[in-house]
Amino acid sequence: MEQLQVSRPADRTMKRLVVPEHVNRNTRRVHAIGPEKTGAALLRVACDLRGLADLSGCDVLDVGCGVRFAQTILNCDVPIRSYAGVDVDELLIRFLQSEVDDPRFTFAYWDVHNPLYNPRGPRMTRESMLPVAGEFDVSWLFSVFTHLPPDDAEVLCLFLRRHACRGGRRLFLAFLDPTVATFVEKSSENPGLHSTYHEGFLRSLVERNGWRVLAVHDKDPATKFIQHHFVCGTA
Ligand SMILES: C[S@@+](CC[C@H](N)C(=O)[O-])C[C@H]1O[C@@H](n2cnc3c(N)ncnc32)[C@H](O)[C@@H]1O
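Residues numbered from 1 in each chain as written. Predicted model: local features only at pLDDT ≥ 70, side-chain atom pairs only at ≥ 80, totals over all residues. Heavy atoms only, no water.

Two elements, strand β2 (residues 80-87) and strand β3 (residues 105-109), share five bridges in a ladder whose sense is parallel. Paired with alanine 84 across the bridge in β3 is threonine 106. With respect to chirality, the unit in which β2 leads through helix α4 (residues 90-99) into the neighbouring parallel β3 is right-handed. (Pairing = 2+ DSSP bridges. Helix = DSSP H or I, 4+ residues; strand = E, 2+ residues; numbered from the N terminus. Right-handed = clockwise from strand over helix to strand, strands pointing away.)

Counting 38 residues, the largest nonpolar core has Tyr83, Leu96, Phe105, Phe107, Trp140 and Leu171 as its most contacted members. Put simply, the parts of the chain that give this core at least two residues each are α2 (35-49), β1 (55-63), α3 (68-75), β2, α4, β3, β4 (136-141) and β5 (164-176). Examining the composition of this core, we find that seven residues originate from one element, α2, more than from any other. With near-sequence residues (within four places) excluded, tyrosine 83 lies in contact with Val60, Asp62, Cys65, Phe69, Ala70, Ile73, Arg104, Phe105, Thr106, Phe107 and Trp140. (Core = buried A, V, L, I, M, F, W, Y, C linked by side-chain atoms within 4.5 Å. Buried < 20%, exposed > 50% of the residue type's maximum accessible area, 1.4 Å probe, protein only. Contact = heavy atoms within 4.5 Å.)

Where α2 contacts α3, the two axes come as close as 9 Å, and the packing angle between them is 90°. The angle between α2 and α3 places the two elements in the roughly perpendicular class. Taken together, the residues of α3 that come into contact with α2 (itself represented by Pro35, Glu36, Thr38, Gly39, Ala40, Leu42 and Leu43) are Arg68, Phe69, Gln71, Thr72, Ile73 and Asn75. (Axes fitted to C-alpha atoms, helices over the stretch in contact; angles between N-to-C directions. Parallel < 35°, antiparallel > 145°, perpendicular 65-115°, else oblique.)

Here we come to the site of the ligand. Near the ligand, the surroundings consist of 21 residues, among which Gly64, Arg68, Asp87, Asn114 and Phe142 are the closest. The side chain of aspartate 87 places a nitrogen or oxygen atom 2.5 Å from an oxygen atom of the ligand. Residue asparagine 114 places a side-chain N or O atom 2.9 Å away from a nitrogen atom belonging to the ligand. Taken by itself the ligand offers 600 Å² of open surface, and the protein chains cover 99% of this. (Near = heavy atom within 4 Å. Polar contact = N/O pair within 3.5 Å; in protein donor to acceptor, adjacent residues only side chain to side chain. Areas by Shrake-Rupley, 256 points an atom, 1.4 Å probe, with all protein chains shown as cover.)

Now for the pattern of salt bridges. What the rule picks out here adds up to 11 salt bridges. A salt bridge links glutamate 199 to arginine 203; its shortest N-O distance comes to 3.1 Å. Placement of both glutamate 199 and arginine 203 in helix α6 (residues 199-207) is noted, with a separation of four residues, approximately one turn of the helix. (Salt bridge = Lys/Arg side-chain N within 4 Å of Asp/Glu carboxyl O.)

Moving on, we get to the environment of arginine 44. Its location among the elements puts arginine 44 in helix α2. Arginine 44 gets classed as buried once you look at its relative accessible area, which sits at 3%. Arginine 44 sits 82 residues away from arginine 126 along the chain, and the two C-alpha atoms are 32 Å apart.

Okay, the packing of aromatic side chains next. All chains considered together, the criterion is met by 11 aromatic pairs. Where phenylalanine 69 meets phenylalanine 142, the ring centres are 5.0 Å apart and the plane angle is 35°; that geometry is what we call tilted. One end of the pair, phenylalanine 69, is in helix α3; the other, phenylalanine 142, is in the loop between β4 and α5 (150-162), with 73 residues separating them in the sequence. You can call phenylalanine 69 buried: its relative accessible area is 3%. The class for phenylalanine 142 is buried, based on a relative accessible area of 4%. Put simply, the rings of Phe69, Trp140 and Phe142 pair up and form one aromatic cluster. Cation over ring: arginine 170 sits above tryptophan 211, and NZ or CZ is 5.1 Å from the ring centre. (Phe/Tyr/Trp six-rings, centres within 6.5 Å; stacked < 30°, edge-to-face > 60°. Lys NZ or Arg CZ within 6 Å of the ring centre and 35° of its normal.)

Geometric values such as these leave the question of function open.
Right, dumping it as C-alpha coordinates:
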(Lines give C-alpha, C1' and ligand atoms only; values in the text may rest on other atoms or scores of the structure.)
Protein backbone atom coordinates (compact mmCIF):
# COMPACT_ATOMS: atom_id res chain seq x y z
CA MET A 1 0.00 0.00 0.00
CA GLU A 2 1.35 3.42 -0.96
CA GLN A 3 2.09 5.57 2.09
CA LEU A 4 0.23 8.80 2.72
CA GLN A 5 2.61 11.73 2.41
CA VAL A 6 2.89 13.23 5.85
CA SER A 7 5.38 15.62 7.27
CA ARG A 8 6.23 16.84 10.71
CA PRO A 9 4.82 20.32 11.28
CA ALA A 10 7.58 22.88 11.34
CA ASP A 11 6.15 26.32 12.02
CA ARG A 12 2.47 25.79 12.68
CA THR A 13 0.82 27.69 15.49
CA MET A 14 -1.42 24.80 16.61
CA LYS A 15 0.39 22.87 19.28
CA ARG A 16 0.85 19.13 19.00
CA LEU A 17 -2.28 17.27 20.11
CA VAL A 18 -1.28 15.17 23.09
CA VAL A 19 -3.95 12.56 23.78
CA PRO A 20 -4.35 11.28 27.32
CA GLU A 21 -5.05 7.58 27.73
CA HIS A 22 -8.55 8.12 29.11
CA VAL A 23 -9.86 9.42 25.77
CA ASN A 24 -8.28 6.74 23.59
CA ARG A 25 -11.00 4.48 22.10
CA ASN A 26 -8.85 2.09 20.08
CA THR A 27 -8.12 -1.42 21.26
CA ARG A 28 -4.90 -2.01 23.14
CA ARG A 29 -3.49 -3.97 20.20
CA VAL A 30 -4.20 -1.20 17.66
CA HIS A 31 -3.10 1.51 20.06
CA ALA A 32 0.22 -0.26 20.62
CA ILE A 33 1.06 0.02 16.90
CA GLY A 34 0.79 3.79 17.27
CA PRO A 35 -2.27 5.98 16.65
CA GLU A 36 -0.55 8.15 14.07
CA LYS A 37 0.76 5.13 12.19
CA THR A 38 -2.59 3.34 12.02
CA GLY A 39 -4.37 6.66 11.43
CA ALA A 40 -2.13 7.51 8.45
CA ALA A 41 -2.66 4.06 6.93
CA LEU A 42 -6.44 4.45 7.14
CA LEU A 43 -6.27 7.99 5.74
CA ARG A 44 -4.37 6.52 2.79
CA VAL A 45 -7.28 4.14 2.22
CA ALA A 46 -9.66 7.11 2.31
CA CYS A 47 -7.57 9.04 -0.27
CA ASP A 48 -7.53 6.03 -2.56
CA LEU A 49 -11.33 6.16 -2.53
CA ARG A 50 -11.20 9.08 -4.89
CA GLY A 51 -7.77 8.57 -6.36
CA LEU A 52 -6.47 11.54 -4.39
CA ALA A 53 -2.96 12.30 -3.27
CA ASP A 54 -4.35 13.88 -0.12
CA LEU A 55 -7.52 15.40 1.35
CA SER A 56 -6.70 19.05 0.70
CA GLY A 57 -9.78 19.40 -1.54
CA CYS A 58 -12.13 17.46 0.72
CA ASP A 59 -14.67 18.26 3.38
CA VAL A 60 -14.67 15.17 5.57
CA LEU A 61 -17.32 13.89 7.98
CA ASP A 62 -16.04 11.37 10.52
CA VAL A 63 -18.82 9.67 12.51
CA GLY A 64 -17.61 7.81 15.58
CA CYS A 65 -14.49 9.91 15.24
CA GLY A 66 -12.64 9.04 18.43
CA VAL A 67 -9.42 11.02 18.69
CA ARG A 68 -7.11 9.14 16.33
CA PHE A 69 -7.77 11.06 13.12
CA ALA A 70 -7.62 14.52 14.62
CA GLN A 71 -4.37 13.42 16.25
CA THR A 72 -2.95 12.06 12.99
CA ILE A 73 -4.04 14.97 10.78
CA LEU A 74 -2.73 17.60 13.20
CA ASN A 75 0.46 15.96 14.39
CA CYS A 76 1.53 14.71 10.96
CA ASP A 77 0.33 17.80 9.12
CA VAL A 78 -1.95 15.88 6.75
CA PRO A 79 -3.57 18.29 4.24
CA ILE A 80 -7.36 18.46 4.55
CA ARG A 81 -9.92 21.16 3.68
CA SER A 82 -12.19 20.55 6.65
CA TYR A 83 -12.92 17.84 9.18
CA ALA A 84 -16.14 17.40 11.18
CA GLY A 85 -15.97 14.78 13.92
CA VAL A 86 -19.07 13.38 15.64
CA ASP A 87 -19.12 10.95 18.54
CA VAL A 88 -21.49 9.60 21.19
CA ASP A 89 -18.71 9.82 23.76
CA GLU A 90 -19.04 13.20 25.46
CA LEU A 91 -15.71 13.04 27.26
CA LEU A 92 -13.62 12.72 24.13
CA ILE A 93 -15.62 15.33 22.22
CA ARG A 94 -15.19 17.85 25.04
CA PHE A 95 -11.48 17.06 25.06
CA LEU A 96 -11.19 17.70 21.31
CA GLN A 97 -13.29 20.87 21.51
CA SER A 98 -11.05 22.28 24.20
CA GLU A 99 -7.69 21.18 22.76
CA VAL A 100 -7.99 21.58 18.99
CA ASP A 101 -7.59 25.19 17.97
CA ASP A 102 -7.73 24.97 14.20
CA PRO A 103 -10.57 26.48 12.12
CA ARG A 104 -10.67 23.47 9.78
CA PHE A 105 -11.90 21.25 12.62
CA THR A 106 -15.30 21.02 14.31
CA PHE A 107 -16.48 18.43 16.79
CA ALA A 108 -20.00 17.56 17.94
CA TYR A 109 -21.30 15.36 20.71
CA TRP A 110 -24.28 13.21 19.68
CA ASP A 111 -26.22 11.65 22.52
CA VAL A 112 -27.57 8.46 20.95
CA HIS A 113 -27.41 4.92 22.23
CA ASN A 114 -24.54 2.56 21.58
CA PRO A 115 -24.49 -0.69 23.57
CA LEU A 116 -20.80 -0.32 24.34
CA TYR A 117 -19.97 3.38 24.22
CA ASN A 118 -23.16 5.13 25.31
CA PRO A 119 -25.52 2.52 26.80
CA ARG A 120 -27.72 5.12 28.52
CA GLY A 121 -28.24 7.29 25.42
CA PRO A 122 -31.66 7.44 23.71
CA ARG A 123 -32.13 5.09 20.75
CA MET A 124 -31.42 6.57 17.35
CA THR A 125 -34.52 6.82 15.13
CA ARG A 126 -35.14 7.98 11.59
CA GLU A 127 -36.28 11.27 13.13
CA SER A 128 -32.99 11.84 14.98
CA MET A 129 -30.65 14.46 13.53
CA LEU A 130 -26.94 14.11 12.99
CA PRO A 131 -25.41 17.22 14.65
CA VAL A 132 -23.74 18.59 11.54
CA ALA A 133 -24.69 21.00 8.77
CA GLY A 134 -23.91 20.92 5.07
CA GLU A 135 -22.63 18.33 2.65
CA PHE A 136 -19.38 16.42 2.64
CA ASP A 137 -17.18 14.98 -0.11
CA VAL A 138 -16.14 12.03 2.01
CA SER A 139 -17.66 10.43 5.07
CA TRP A 140 -16.01 7.63 6.96
CA LEU A 141 -16.69 5.41 9.93
CA PHE A 142 -13.63 3.54 11.07
CA SER A 143 -14.36 0.81 13.61
CA VAL A 144 -17.94 1.98 14.17
CA PHE A 145 -20.12 -0.49 12.23
CA THR A 146 -17.99 -3.08 14.03
CA HIS A 147 -19.85 -1.95 17.19
CA LEU A 148 -23.30 -1.24 15.76
CA PRO A 149 -26.52 -3.28 15.50
CA PRO A 150 -28.36 -3.29 12.13
CA ASP A 151 -31.13 -0.85 13.14
CA ASP A 152 -28.56 1.81 14.03
CA ALA A 153 -26.39 1.00 11.00
CA GLU A 154 -29.41 1.50 8.78
CA VAL A 155 -30.32 4.89 10.23
CA LEU A 156 -26.70 6.06 10.04
CA CYS A 157 -26.55 5.13 6.34
CA LEU A 158 -29.62 7.26 5.76
CA PHE A 159 -28.24 10.25 7.68
CA LEU A 160 -24.86 10.08 5.96
CA ARG A 161 -26.58 10.05 2.59
CA ARG A 162 -28.39 13.28 3.50
CA HIS A 163 -25.05 14.92 4.19
CA ALA A 164 -23.22 13.58 1.12
CA CYS A 165 -22.53 15.91 -1.78
CA ARG A 166 -23.22 14.76 -5.32
CA GLY A 167 -20.63 12.11 -6.12
CA GLY A 168 -19.80 11.83 -2.42
CA ARG A 169 -17.94 8.79 -1.20
CA ARG A 170 -18.26 6.86 1.98
CA LEU A 171 -15.99 4.34 3.60
CA PHE A 172 -16.58 2.10 6.55
CA LEU A 173 -15.03 -0.93 8.16
CA ALA A 174 -17.05 -3.97 9.19
CA PHE A 175 -16.59 -7.43 10.64
CA LEU A 176 -17.86 -9.82 7.94
CA ASP A 177 -18.40 -13.55 8.35
CA PRO A 178 -19.90 -15.74 5.60
CA THR A 179 -21.16 -18.24 8.20
CA VAL A 180 -23.38 -15.62 9.84
CA ALA A 181 -26.91 -15.59 8.33
CA THR A 182 -27.53 -11.86 8.72
CA PHE A 183 -26.04 -10.32 11.86
CA VAL A 184 -24.76 -11.52 15.20
CA GLU A 185 -23.19 -10.02 18.31
CA LYS A 186 -20.23 -12.39 18.62
CA SER A 187 -19.78 -11.54 22.26
CA SER A 188 -23.23 -12.14 23.76
CA GLU A 189 -22.11 -11.00 27.23
CA ASN A 190 -20.65 -7.80 25.76
CA PRO A 191 -23.01 -6.47 23.04
CA GLY A 192 -21.29 -4.06 20.70
CA LEU A 193 -17.84 -5.53 21.19
CA HIS A 194 -17.85 -7.57 17.99
CA SER A 195 -20.89 -6.77 15.83
CA THR A 196 -20.61 -9.11 12.84
CA TYR A 197 -22.49 -9.06 9.54
CA HIS A 198 -23.05 -11.24 6.52
CA GLU A 199 -21.76 -9.29 3.54
CA GLY A 200 -24.97 -9.62 1.48
CA PHE A 201 -27.13 -8.49 4.40
CA LEU A 202 -24.95 -5.43 5.01
CA ARG A 203 -24.84 -4.60 1.30
CA SER A 204 -28.62 -4.53 1.03
CA LEU A 205 -28.91 -2.47 4.22
CA VAL A 206 -26.53 0.11 2.73
CA GLU A 207 -28.16 0.10 -0.70
CA ARG A 208 -31.71 0.66 0.50
CA ASN A 209 -30.54 3.88 2.13
CA GLY A 210 -29.27 5.81 -0.85
CA TRP A 211 -25.81 4.32 -1.41
CA ARG A 212 -24.26 2.15 -4.09
CA VAL A 213 -21.64 -0.31 -2.89
CA LEU A 214 -18.68 0.26 -5.22
CA ALA A 215 -16.34 -2.26 -3.64
CA VAL A 216 -15.89 -4.47 -0.62
CA HIS A 217 -12.26 -5.06 0.26
CA ASP A 218 -10.88 -7.87 2.38
CA LYS A 219 -9.24 -7.15 5.65
CA ASP A 220 -5.58 -6.43 5.26
CA PRO A 221 -3.49 -9.29 6.67
CA ALA A 222 -0.37 -7.14 6.51
CA THR A 223 -1.56 -4.45 8.87
CA LYS A 224 -3.93 -6.54 11.03
CA PHE A 225 -5.96 -3.43 11.88
CA ILE A 226 -7.74 -2.76 8.57
CA GLN A 227 -10.91 -4.86 8.65
CA HIS A 228 -13.12 -5.62 5.67
CA HIS A 229 -14.05 -2.25 4.24
CA PHE A 230 -16.92 -1.03 2.13
CA VAL A 231 -16.48 1.76 -0.40
CA CYS A 232 -19.78 3.40 -1.34
CA GLY A 233 -20.90 6.13 -3.70
CA THR A 234 -24.13 8.09 -3.71
CA ALA A 235 -26.85 6.21 -5.65
C1 LIG B 1 -13.51 1.73 18.24
S2 LIG B 1 -13.85 3.43 18.41
C3 LIG B 1 -13.15 4.02 16.87
C4 LIG B 1 -12.81 5.49 16.93
C5 LIG B 1 -12.26 6.07 15.60
N6 LIG B 1 -13.22 5.94 14.52
C7 LIG B 1 -10.98 5.37 15.21
O8 LIG B 1 -11.00 4.52 14.30
O9 LIG B 1 -9.96 5.65 15.84
C10 LIG B 1 -15.59 3.56 18.05
C11 LIG B 1 -16.11 4.97 18.23
O12 LIG B 1 -17.43 5.07 17.70
C13 LIG B 1 -18.23 5.85 18.58
N14 LIG B 1 -19.64 5.53 18.29
C15 LIG B 1 -20.28 4.36 18.50
N16 LIG B 1 -21.55 4.42 18.05
C17 LIG B 1 -21.72 5.65 17.51
C18 LIG B 1 -22.81 6.32 16.88
N19 LIG B 1 -24.00 5.74 16.71
N20 LIG B 1 -22.62 7.59 16.46
C21 LIG B 1 -21.41 8.21 16.62
N22 LIG B 1 -20.35 7.63 17.23
C23 LIG B 1 -20.49 6.36 17.66
C24 LIG B 1 -17.71 5.45 19.95
O25 LIG B 1 -18.02 6.38 20.97
C26 LIG B 1 -16.21 5.36 19.71
O27 LIG B 1 -15.55 6.59 19.91
